[in-house]
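So you can see what is in the structure, the chains are spelled out below.
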Amino acid sequence: MSSPDPIVNIVGLSKTFGSHTVLKDVGLTIHAGEVHGLLGENGSGKSTLIKVLAGFHAPDPGAALQVRGRDVPLPVPAGGFRELGISFVHQDLALVPDLSVVENLRVGPVVAGSRPWISWRREKGTARALFDRFGLDVDPDAPVSSLGETDRALVAILRAVEELGDHRTLLVLDEPTVFLPREGTDLLFSVVREIVVDKKAAVLFVSHDLDEVLDHTDRVTVLRDGVSQGTHRTRDLTAVSLIDLIVGRSLDSADPRVAGPVRDFDDAAPLARIEELETATVDGIGFDVRSGEIVGLTGIAGSGYDDVLPAVYGARPARGGRLTIGPDTVALQTITPIDALDRKVVYVPPDRKVEGSAPELTVAENVTLPILGAGLVKPGALRVAAASLAERCDVRPRDPQAVYGSLSGGNQQKALLGKWLQTDPALVLLAEPTQGVDIGARARIFEMLRETARGGAGIVVASSDYEQLSVLCDRVLVFSRGHIVAELTGDHLSKHHISDSVLGLTRQEVKA
Ligand SMILES: Nc1ncnc2c1ncn2[C@@H]1O[C@H](COP(=O)(O)OP(=O)(O)OP(=O)(O)O)[C@@H](O)[C@H]1O
């Protein structure tokens, strides 16, 4: 197992932003040869700790860092992590889409000035050898923009592996599976194991997915409100003991791993009907959503399930199809987000940073944007509306004047969902609603969605998180090659049934 010698040792790490101390005297010891999980609720300080290692944040005075037994002065200078043999994969992957795969692989050394000239022929050969070693079938000349999500994530990870160099120490993966379709995670973890197999380097792995953490880490360190809850051997933990460490209290909503009661919608009238939808990846599909129902859409990457919601909302063009909601039928080829909103259809996209919000504005400004049009413009009233929304959605810190972009990922997601749910929508379209969200926030989000459904709205969730779909949905539609190939309800709504169905191992009859 792990070597007793720490490869990276952090002692007494604190970090304060303004008056808010977000890391409090944290220690972290990582051994060569281990996959070390870093867990904690949204906003508990995981990314801040990683950004101190990356030299992006200077810690408060008093912290110490040792790498392979040597003292490293803090703050780590810009780019200094390279000399320490540390590399990072951040959630946004930091790839340049217009550059080729091989150019992306070499961007780091070029920017760092460590490679004055480059033989691209040799680099392509090296890239091919690297991909072969990990069983990745990617053309080094292909532009990154042409790659699927899985390949993109794996290129970013292999680039980080390359950047570790000869004196490789630590690969830091900050929620690498958040944007990875399920079929990509197996490949990811085989890469992770390969890195630590000779016990020379270690992997620090940040994730909210408890199954992944329990299956793939050797030890875990848990942060709660910026305070370490200790480091534990993974084999001594269960999902329940891990939740206790992370949340530190019993969950304030129902356990998000347990489904609600089975509800029967067979005789309910449709609230919305999507018919003959055609997009680049979807081939004439249709389905109904009934009042109060939560419908899931899933499939492997490229199956078309993730193309449906933006097309229904008019955020991405459809080639054809119709949406009927209430008395109206709208052509999906021409529908715009304004038409959709007029019909009380709202859409929360998967990438909240790009499409869902204005990061430079305050939380109050972000969450009150949809109600500005309703004539409510007095700043005092907006502040009250924002504060009550933040309270209801459990957005932390509870400060409506905080800059939205400075919130942790999960808190941004709660605020974004709350912003749209307050508009009393008829049909809610959600893509990956709990991506990057911790277990406590996940419980809160599920509760918010169930409450909205109980109020009579229909909800459609497109996701590759089978556990989330099994717990939240009344019905799941499985896509393959642009068609709906299975409809799962009742006893067939387990994580494993959904997974088997997506992989084509089982089929359930699709009702007309
Ligand atoms: N640049 C900043 N300025 C002010 N506050 C910040 C800044 N960066 C982070 N914070 C605050 O520090 C706290 C810890 O945030 P951090 O991003 O480290 O959490 P996290 O554990 O990584 O959360 P998540 O799981 O949601 O990614 C949060 O309260 C966040 O709002």
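Everything below is about the structure printed above this text.
Now for a quick tour of the structure. (Residues numbered from 1 in each chain as written. Predicted model: local features only at pLDDT ≥ 70, side-chain atom pairs only at ≥ 80, totals over all residues. Heavy atoms only, no water.)

1. Notes on the overall build of the protein
Our working definition: Only DSSP runs of H or I covering at least 4 residues are called helices, and only runs of E covering at least 2 are called strands; the numbering of each starts at the N terminus. Buried, partly exposed and exposed residues are distinguished by accessible area as a fraction of the type maximum, computed with a 1.4 Å probe on protein chains only: under 20%, between the cut-offs, and over 50%, respectively. Contacts: residue pairs with any heavy atoms within 4.5 Å of one another. All accessible areas in this document rest on Shrake-Rupley with a 1.4 Å probe, and a residue is counted as covered only by the protein chains that are shown.
When you go through the protein residue by residue, the secondary structure sums to 17 helices and 20 strands. Here the protein holds 512 residues, and the buried ones make up 53% of them. Considering only intrachain contacts with a sequence separation of at least 6, the fraction spanning at least 24 residues in the protein is 67%. In the form shown here, the protein has an accessible surface area of approximately 22000 Å², with 52% of it arising from carbon and sulfur atoms.

2. Considerations on the pairing of strand β1 (residues 6-17)
What counts is decided by this rule: Any two strands with at least two DSSP-identified bridges between them are counted as paired.
Where β1 and strand β2 (residues 20-31) come together, 8 bridges link them in antiparallel fashion. Paired with Thr16 across the bridge in β2 is Thr21. Following β1, the chain reverses through 2 residues before pairing antiparallel with β2; Gly18 in that reversal takes a positive phi of roughly 60°.

3. Considering the sheet that holds strand β11 (residues 270-278)
Convention followed: Angular values range over 0 to 180 degrees, each being the angle between N-to-C directions of two axes fitted as lines to C-alpha atoms, with helices fitted over their stretch in contact.
Strands sit in the order β12-β11-β14-β15 across an open sheet of 4 strands; the sheet is antiparallel. Since the sheet does not close on itself, it has two edges, and those belong to β12 (283-290) and β15 (328-331), each with one partner. On average, adjacent strands in this sheet sit at an angle of 10° to one another, irrespective of strand direction. Both β11 and β12 contribute to a ladder of 6 bridges, which runs antiparallel. Bridge pairing in β12 places Glu278 opposite Asp283.

4. Considering the environment of Val478
Position of Val478 relative to the elements: it lies in strand β19 (residues 475-480). Each residue touching Val478, except ones within four places of it in the same chain, is listed here: Thr298, His483, Ile484, Val485, Ala486, Leu488, Ser501 and Val502.

5. Describing the site of the ligand
Keep this limit in mind: Proximity criterion: a residue is near a molecule or strand once any of its heavy atoms comes within 4 Å of it. N or O atoms within 3.5 Å of each other form a polar contact, as long as, within protein, one can give a hydrogen and the other can take it, and as long as residues adjacent in sequence are counted only when both atoms are side-chain atoms. Where each domain starts and ends comes from a domain assignment, either automatic or drawn from a database.
Near the ligand lie 18 residues; those nearest to it are Asn42, Gly43, Lys46, Ser47 and Thr48. In the environment of the ligand, an oxygen atom lies 3.0 Å from a nitrogen or oxygen atom belonging to the backbone of Gly45. The side chain of His208 places a nitrogen or oxygen atom 3.0 Å from an oxygen atom of the ligand. Burial of the ligand by the protein amounts to 82% of the accessible area it has alone, namely 640 Å². Among the elements of the structure, β2, α1 (46-53) and α14 (409-421) are those that each provide at least two residues to the shell around the ligand. No other element matches the 3 residues that α1 contributes to the shell around the ligand. When residues of the shell around the ligand are assigned to domains, at least three fall in each of domain 1 (6-247) and domain 3 (358-423).

6. Focus: the nonpolar core
One broad rule of soluble globular proteins: the nonpolar side chains tend to lie buried together. Cut-off, in case you're wondering: In plain words, nonpolar cores are sets of buried Ala, Val, Leu, Ile, Met, Phe, Trp, Tyr and Cys residues tied together by side-chain atoms within 4.5 Å.
If you look at the biggest cluster of nonpolar residues, it comprises 48 residues, and the most contacted ones within it are Phe131, Leu171, Ile195, Val203 and Leu242. Take this core: its biggest share by element is 8 residues, from helix α5 (residues 149-163). Among the nonpolar cores identified, the runner-up in size contains 43 residues, and Val367, Leu417, Trp420 and Leu488 belong to it.

7. Examining the pattern of salt bridges
Applicable threshold: Every case where a carboxyl oxygen of Asp or Glu lies within 4 Å of a side-chain nitrogen of Lys or Arg is listed as a salt bridge.
Applying the stated rule across the entire model yields 24 salt bridges. Notably, a salt bridge pairs Glu487 with Arg475, separated by 2.9 Å at the nearest N-O pair. Of this pair, Glu487 sits in strand β20 (residues 483-489) while Arg475 sits in strand β19, and the two are 12 residues apart along the sequence. Each member of the pair, Glu487 together with Arg475, is buried. Overlapping salt bridges, with partners in common, bring together Glu41, Glu391, Asp394, Arg396, Arg398 and Lys414 in one network.

8. Remarks on the pairing of strand β8 (residues 202-206)
Burial of β8 is extensive: 5 of the 5 residues sit out of reach of the surface. Here β8 shows no split at all, with Ala202, Leu204 and Val206 on one side and Val203 and Phe205 on the other all buried. With 4 bridges joining them, strand β3 (residues 35-40) and β8 adopt parallel strand pairing. Looking at β8, one finds that Gly37 is bridged to Phe205. The pairing of strand β7 (residues 170-174) with β8 spans 5 bridges and is classified as parallel. Bridging across to β8, Leu173 finds its partner in Phe205.

9. Remarks on helix α8 (residues 239-247)
Residues of α8 that are buried include every one of Ala239, Leu242, Ile243, Leu245, Ile246 and Val247, and no others. Looking at the buried residues of α8, the elements they touch are β3, α7 (210-216), β9 (219-224), β10 (227-233) and α15 (439-454). Positive phi shows up at Gly248, right after α8, with a value of about 70°.

10. Let's talk about α5
Which entries qualify depends on this criterion: How far a helix is expected to stretch is found by multiplying one less than its residue total by 1.5 Å.
The end-to-end C-alpha separation of α5 is 21 Å, in line with the 21 Å expected for 15 residues at 1.5 Å each. All of the buried residues along α5 are Thr150, Ala153, Leu154, Val155, Ala156, Ile157, Leu158, Arg159, Ala160 and Val161. Once α5 ends, the next one or two residues include Gly165, with phi positive near 70°.

11. Some details on the packing of α14 against α15
Helix packing for two helices is described by the angle between their axes and how far apart those axes are. Applied cut-off: In this scheme, roughly parallel covers angles under 35 degrees and roughly antiparallel covers those over 145, while 65 to 115 is roughly perpendicular and the rest are oblique. For this classification, Asp, Glu, Lys and Arg are treated as charged, while Ala, Val, Leu, Ile, Met, Phe, Trp, Tyr, Cys and Pro are nonpolar and the rest, including Gly, are polar.
Look at α14 against α15: their axes get within 11 Å of each other, and the N-to-C directions meet at 10°. It follows from the interaxial angle that α14 and α15 lie roughly parallel. Residue-level inspection shows Gln413, Lys414, Leu417, Gly418 and Leu421 of α14 in contact with α15, the latter providing Ala441, Ile445, Met448, Leu449 and Thr452. Here the contact of α14 with α15 is composed, by residue class, of 6 nonpolar, 3 polar and 1 charged.

12. Remarks on the packing of helix α4 (residues 120-133) against α5
At a minimum axis separation of 11 Å, α4 and α5 run at an interaxial angle of 110°. One element, α4, and the other, α5, form an angle in the roughly perpendicular class. Within the contact between the two elements, α4 uses Thr126, Leu130 and Phe131 and α5 uses Val155, Leu158 and Glu162. Of the residues that constitute the contact of α4 with α5, the class distribution is 4 nonpolar, 1 polar and 1 charged.

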